[in-house]
Amino acid sequence: MREPGGWWRRKSTPAKVETYTRWSFHFFAVTEVAAVGLPLFGAMPGWLTALLLVMLVGHAVTCAVVASRALDWTRGRREQPVHMLWTLGAVTAVVAVTAMAVSEHGPSGDDVDTAAGGIFAVVLIFGAGAIALGVRERKRVFALVAGAAVGAGVVAFPLGMPGPATLATMVAVLLGTGFFAFTSVFSVWLLTAVYELDEARETRARLAVAEERLRFGRDLHDVMGRNLAVIALKSELAVQLARRGREEAVDQMTEVQRIAQETQREVRDVVRGYREADLGAELAGARGVLTAAGIDCEVTGEPAGLPAEVQSALGWVVREATTNVLRHGDAKRCTVAVLREPDRVVLTVENDGASRSPGSGGSGVGGSGLAGLRERLAAVTGTLEAGPARDGVFRLVARVPVAVAEGVS
């Protein structure tokens, strides 16, 4: 059974920002209807109230649809909703003209003028704001805001609104549409920036892996390149000597055999150095990487004096845990503790990004990384536990018997 609100905690930070942005613009549609739709009741005849209310709801729904599709376009999930933008512009114009006509030529009364005038201004402001979401160029956003203000005057003055009132309406529409358009543009910029930061963090993790692979390849090339060149030369020399019946060919092949055995030993040393991890170095590296990523990292405990096999196994645990915090979580704080007990050592890693940490979704522990850690710990009779510790906290605990590891070494 899923806990309430779990769907929100399982979202990444960019997905949370996108959901908040999307539903904010949907809420604006509800606000539009509530702000100028409810005052219609009692202000004018029932049939006219129903007509304006239906038109207002249609405009609000169109704004919500345009906002949703424009955000999808911003994220590259669909083409620019050009037809919907023109549709919203047409609906906005029709509703605004109708509201102004009712205000100037409809039933008399201050309540009618106030209610119809409110619809006129609000649909222009909200309509221009929603359209701004689907426009990328800044000059077009400025043109949209100016066009809404000019359009308000072009509609209001011919329908009978006095000159000073028309000017005041144009200024109000200019300020309102400008603010709403700025809000839309800023929301799109913020959403794009959050996604780019998240992609940069994952790119940094991939680059770290690529750098380690390049280091391993460089070390392997340094070992193999020289020795293989010598083997090739000596083998060629042995062939030429053998063809001439010279006994020195045996000496050359013996040397080739010695170099080949030496190369095997050196390759094993390179691989061993790549596979083995120093716990102290890994703890320092984890603190530096997490701090650079904006995550508060606290390391406690002293790894000195532990057997090499224990340090290697726990060093890989720290590597994998750090990678999980960077790539799978949304943590703000991480703690790493090394506890030396009489017969074992316990490594505990906790972070407050459990919404996306492996195994936090309700199925326990998963992921090939954790499976690999269990295999490494099993080699030193160690155990690994990983999963949610408490609300919003993911905990990984590795336990290795020190006495057994010393016996293995």
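Remember, predicted model here, so these are calculated numbers, not experimental data.

Cut-offs used in this document
- Residues numbered from 1 in each chain as written.
- Predicted model: local features only at pLDDT ≥ 70, side-chain atom pairs only at ≥ 80, totals over all residues.
- Heavy atoms only, no water.
- 1 Å grid on protein atoms, 1.4 Å probe; cavity = no way out; pocket = protein on both sides within 12 Å on 5 of 7 lines; lining within 4 Å.
- Points joined across faces, edges and corners; volume = space filled by probe spheres on them.
- Helix = DSSP H or I, 4+ residues; strand = E, 2+ residues; numbered from the N terminus.
- Nonpolar A, V, L, I, M, F, W, Y, C, P; charged D, E, K, R; others polar.
- Core = buried A, V, L, I, M, F, W, Y, C linked by side-chain atoms within 4.5 Å.
- Buried < 20%, exposed > 50% of the residue type's maximum accessible area, 1.4 Å probe, protein only.
- Contact = heavy atoms within 4.5 Å.
- Pairing = 2+ DSSP bridges.
- Axes fitted to C-alpha atoms, helices over the stretch in contact; angles between N-to-C directions.
- Parallel < 35°, antiparallel > 145°, perpendicular 65-115°, else oblique.
- Expected span 1.5 Å × (residues − 1).
- Arc of directions from axis to C-beta.
- Phe/Tyr/Trp six-rings, centres within 6.5 Å; stacked < 30°, edge-to-face > 60°.
- Lys NZ or Arg CZ within 6 Å of the ring centre and 35° of its normal.
- Patch = residues over 30% accessible without salt bridge, like charges linked within 9 Å, V, L, I, M, F, W, Y side chains within 5 Å.
- Areas by Shrake-Rupley, 256 points an atom, 1.4 Å probe, with all protein chains shown as cover.
- Salt bridge = Lys/Arg side-chain N within 4 Å of Asp/Glu carboxyl O.

Asker: What is the right way to look at empty space enclosed by the protein in this model?
Answerer: The gaps of empty space that remain are located by a probe, the size of a water molecule, rolled over the atoms. Within this structure, the stated rule accounts for three cavities of 30 Å³ or more. Approximately 60 Å³ is the volume found for the largest cavity. Residue lining of the largest cavity: F25, F28, A29, E32, C63, A64, A67, F126, A130 and F180, and that is the complete set. Sorting the residues of the lining of the largest cavity by element identifies α2 (13–37), α3 (46–74) and α5 (110–133) as the ones contributing at least two each. At four residues, α2 tops the list of elements feeding residues into the lining of the largest cavity. In the lining of the largest cavity, the residues fall into nine nonpolar, no polar and one charged.

Asker: Help me understand the nonpolar core, please; the structure alone is not making it clear to me.
Answerer: Nonpolar side chains in soluble globular proteins tend to be buried together. Counting residues in hydrophobic clusters, the biggest one holds 40 residues, and the most contacted among them are M44, V102, I119, F120 and L133. Taken together, the elements giving at least two residues each to this core come down to α2, α3, α4 (82–105), α5, α6 (138–156) and α7 (163–243). At twelve residues, the largest contribution of residues to this core is made by α5. Apart from residues lying up to four places away in sequence, I119 is in contact with V36, L40, L52, L56, V95 and A99. Membership of the second largest hydrophobic core comes to 35 residues, among which are L279, L314, A398 and V402.

Asker: It is not clear to me how the pairing of strand β5 (residues 393–401) should be interpreted in this structure. Could you clarify?
Answerer: Side chains on a regular strand alternate between the two faces of the sheet. Taken together, the eight bridges between strand β3 (residues 344–351) and β5 define a ladder with antiparallel strand orientation. Bridge assignment links V345 to a residue of β5, and that residue is V400. With seven bridges joining them, strand β4 (residues 383–390) and β5 adopt antiparallel strand pairing. Pairing of R390 across the sheet is with V393, part of β5. The turn joining β4 and β5, which pair antiparallel and follow one another in sequence, is formed by two residues; a positive phi near 80° is taken by G392.

Asker: It is not clear to me how unusual backbone geometry should be interpreted in this structure. Could you clarify?
Answerer: For T381, which is not a glycine, the phi torsion comes out positive at approximately 55°. Here T381 shows up in the loop between α11 (368–378) and β4.

Asker: When you look at the packing of α2 against α5 in this model, what are you seeing that I'm missing?
Answerer: Each pair of packed helices can be described by the angle between their axes along with the distance between the axes. Where α2 meets α5, the closest approach of the two axes is 10 Å, and the angle between their N-to-C directions is 170°. Accordingly, the angle class assigned to the pair α2 and α5 is roughly antiparallel. Listed contacts from α5 to F25, F28, E32 and V36 of α2 are G118, I119, V122, V123, F126 and L133. Looking at the contact of α2 with α5 residue by residue, the classes come out as eight nonpolar, one polar and one charged.

Asker: Looking at this structure, I do not really get the sheet that holds strand β1 (residues 296–300). What am I missing?
Answerer: Sheet strands line up and pair through hydrogen bonds in the backbone, either parallel or antiparallel. The five strands are arranged β1-β2-β3-β5-β4 in an open sheet whose pairing can be described as mixed. With one partner strand each, in any of the chains shown, β1 and β4 form the two edges of the open sheet. The mean angle between the axes of side-by-side strands here comes to 10°, regardless of whether they run parallel or antiparallel. Helix α10 (residues 308–327) contacts β2 (333–340), β3 and β5 of the sheet and is inclined by roughly 5° relative to β3.

Asker: Which parts of the structure should I look at to understand α6?
Answerer: Since one α-helical turn is 3.6 residues long, residues separated by three or four positions face the same way. Given a rise of 1.5 Å per residue, 19 residues ought to cover 27 Å, and the 27 Å separating the end C-alpha atoms of α6 matches this to within 8%. For α6, the full list of buried residues reads V141, V145, A148, A149, A152, G153 and A156. All buried residues of α6 fall inside an arc of 130° around its axis, so they share one side. The exposed residues of α6 that point more than 90 degrees off its buried face are K139, R140 and V154.

Asker: What is the right way to look at the packing of aromatic side chains in this model?
Answerer: Pairs of aromatic rings are described using the distance from one ring centre to the other and the angle between the two planes. This model, assessed by the stated rule, comprises six aromatic pairs. Both rings, one in F28 and one in F126, keep their centres 6.5 Å apart while their planes meet at 75°; by these two values the pair is edge-to-face. Of this pair, F28 sits in helix α2 while F126 sits in helix α5; the two residues are 98 residues apart in sequence, bridging distant segments of the chain. Given a relative accessible area of 16%, F126 falls into the buried group. One aromatic cluster is present, built from ring pairs that chain together F25, F28, F126 and F180. A cation sits over an aromatic face here: R75 above Y195, 3.7 Å from the ring centre. Over the face of the ring belonging to W316 we find R319, whose NZ or CZ atom lies 4.4 Å from the ring centre.

Asker: Help me out: how do you make sense of a nonpolar patch on the surface in this one?
Answerer: Side chains of F182, F186, W189 and L190 sit close together on the surface and give an oily, nonpolar patch of about 460 Å² of accessible area. In this fold, F186 is placed in helix α7. F186 sits in the partly exposed class, given a relative accessible area of 42%.

Treat this as a map of the structure, not an account of what it does.
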